[in-house]
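Chain by chain, the residues:
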Amino acid sequence: NSPKNAGSIKGLFIKNNLMHGCGNNNTPLYNSIIPANNLTENNLTKDPLFISPENLHLQTRSPAIGAGIHATLATDFEGKKYKTPPSIGAYEIN
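Residues numbered from 1 in each chain as written. Predicted model: local features only at pLDDT ≥ 70, side-chain atom pairs only at ≥ 80, totals over all residues. Heavy atoms only, no water.

A word on the overall build of the chain
Right, on to step 1. For the chain, the helix and strand inventory stands at 0 helices and 2 strands.
Right, on to step 2. Against the compact-globule benchmark of 12 Å for 94 residues, the chain has a radius of gyration of 16 Å, which places it well outside the compact range.
Right, on to step 3. The principal-axis extent of the C-alpha atoms belonging to the chain is close to 50 × 25 × 20 Å.
Right, on to step 4. Look at the contacts in the chain between residues 6 or more apart in sequence, and 46% of them connect residues 24 or more apart.
Right, on to step 5. Accessible surface, the chain: about 6,900 Å² in total, of which carbon and sulfur atoms supply 54%.
Right, on to step 6. With 8 positive and 6 negative side-chain charges, the chain shows a separation of 9 Å between the mean positions of the two kinds. (Helix = DSSP H or I, 4+ residues; strand = E, 2+ residues; numbered from the N terminus. Rg over C-alpha atoms; globule rule 2.2 N^0.38 Å. Contact = heavy atoms within 4.5 Å. Areas by Shrake-Rupley, 256 points an atom, 1.4 Å probe, with all protein chains shown as cover. Lys, Arg positive; Asp, Glu negative; His and termini not counted. Charge placed at Lys NZ, Arg CZ, Asp CG, Glu CD.)

Considering the layout of surface pockets
Right, on to step 1. Approximately 230 Å³ is the volume attributed to the largest pocket.
Right, on to step 2. Along the walls of the largest pocket sit 13 residues, with Ile69, Ala71, Pro86, Ser87 and Ile88 positioned nearest its centre.
Right, on to step 3. Of the residues assigned to the lining of the largest pocket, the class counts are 7 nonpolar, 5 polar and 1 charged. (1 Å grid on protein atoms, 1.4 Å probe; cavity = no way out; pocket = protein on both sides within 12 Å on 5 of 7 lines; lining within 4 Å. Points joined across faces, edges and corners; volume = space filled by probe spheres on them. Nonpolar A, V, L, I, M, F, W, Y, C, P; charged D, E, K, R; others polar.)

Structural notes on the nonpolar core
Right, on to step 1. Core analysis: the biggest nonpolar cluster contains 5 residues, these being Leu44, Leu58, Ala64, Ile88 and Ile93.
Right, on to step 2. When neighbours within four sequence positions are excluded, Leu58 is seen to be in contact with Pro48, Leu49, Phe50, Ile51, Ala64, Ile65, Ser87, Ile88, Tyr91 and Ile93. (Core = buried A, V, L, I, M, F, W, Y, C linked by side-chain atoms within 4.5 Å. Buried < 20%, exposed > 50% of the residue type's maximum accessible area, 1.4 Å probe, protein only.)

Considerations on the side chain of Asn26
Right, on to step 1. Residue position: Asn26 is located in the loop between strand S1 (12-15) and strand S2 (38-41).
Right, on to step 2. Polar contacts involving the side chain of Asn26 include one to the main-chain amide nitrogen of Gly21, which spans 2.8 Å.
Right, on to step 3. In contact with Asn26, not counting residues within four places along its chain, are Met19, His20, Gly21 and Thr45. (Polar contact = N/O pair within 3.5 Å; in protein donor to acceptor, adjacent residues only side chain to side chain.)

So, the environment of Ser8
Right, on to step 1. Within the element layout of this structure, Ser8 appears in the segment before S1.
Right, on to step 2. Separated by 24 residues in the primary sequence, Ser8 and Ser32 place their C-alpha atoms 9.6 Å from one another.

As for the packing of aromatic side chains
Right, on to step 1. The tally for this structure, following the rule as stated, stands at 1 aromatic pair.
Right, on to step 2. Ring centres of Phe77 and Tyr91 lie 5.9 Å apart, and the angle between their planes is 85 degrees; this geometry places the pair in the edge-to-face category. With Phe77 in the segment after S2 and Tyr91 in the segment after S2, the pair connects residues that are 14 residues apart, well separated along the chain. (Phe/Tyr/Trp six-rings, centres within 6.5 Å; stacked < 30°, edge-to-face > 60°.)

In structure tokens form, the structure reads like this:
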């Protein structure tokens, strides 16, 4: 059952994210609401080559290395400084 008033999304921007293995051919799936002004770009849909499903550090051949954009974050989840350009993900490569 879908809601009687599903509402709307005026703008949705999905940029520089890991979207591998997400189903729907690695693209967003909208369920009854399609956003106006939808921008989806520079998202990584290839296998990001994590160390393992439990260890989300990147392998040295990862296409996510250097594929990000500089944001306001100075360090990764472990406190390491991001490189320029940064990697996509929670951990910068050593």
